[in-house]
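Coordinates in review
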Amino acid sequence: MDQLVPRAHRIGAAGLFDSEPIPSPCSSVCRMSAATPPLCEGCFRTLGEIAGWSRMDEADKRQVWLHIAQRVAETTA
């Protein structure tokens with residue numbers, strides 16, 4: 001999580017609207033938590049978000065990043 005939080009803040013709302021491609025949130029820590037719904041402990045994505053990432057358009061990827069930011073904020077609150 002320590003690696004993800006700075007990355008999530010760096011991408012942030014402003015970075016989500018840049019003209020550059022949206023980067024993958026993957027941090028190469030691929031381990032699902034026991035939480036409901038299960039989230040990857042490395043990138044805070046659901047299995048569906050992970051599986052669908054390569055087929056998502058930029059708007060959907062931005063939405064996933066917003067969900068990640070919310071999940072990180074809830075976890076660190």
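What you are looking at is a predicted structure, and each value in this text was computed from that prediction instead of being measured.

**Some words on the overall build of the protein**
- Each helix and strand in the protein was counted, giving three helices and zero strands.
- The N-to-C order of helical and strand elements in the protein reads α-α-α.
- For the protein, with 77 residues in total, the buried portion stands at 34%.

**Here's the deal with the packing of aromatic side chains**
- Summed over all chains, the structure comprises zero aromatic pairs.
- The positively charged end of Arg45 is found above the aromatic ring belonging to Trp53, 5.4 Å away from the centroid.

**Structural notes on the pattern of salt bridges**
- The full count for this structure, using the stated rule, is three salt bridges.
- Ionic pairing is found between Arg31 and Glu41, a salt bridge with its closest N-O pair at 2.7 Å. Taken together, the residues Arg31 in the loop between α1 (4-15) and α2 (47-52) and Glu41 in the loop between α1 and α2 connect sequence positions 10 residues apart.
- Lys61 serves as the salt-bridge partner of Glu58, at 3.9 Å between the closest nitrogen and oxygen.

Scoring rules and cut-offs
Residues numbered from 1 in each chain as written. Predicted model: local features only at pLDDT ≥ 70, side-chain atom pairs only at ≥ 80, totals over all residues. Heavy atoms only, no water. Helix = DSSP H or I, 4+ residues; strand = E, 2+ residues; numbered from the N terminus. Buried < 20%, exposed > 50% of the residue type's maximum accessible area, 1.4 Å probe, protein only. Phe/Tyr/Trp six-rings, centres within 6.5 Å; stacked < 30°, edge-to-face > 60°. Lys NZ or Arg CZ within 6 Å of the ring centre and 35° of its normal. Salt bridge = Lys/Arg side-chain N within 4 Å of Asp/Glu carboxyl O.

Spatial relationships are all this shows, so hold off on functional conclusions.
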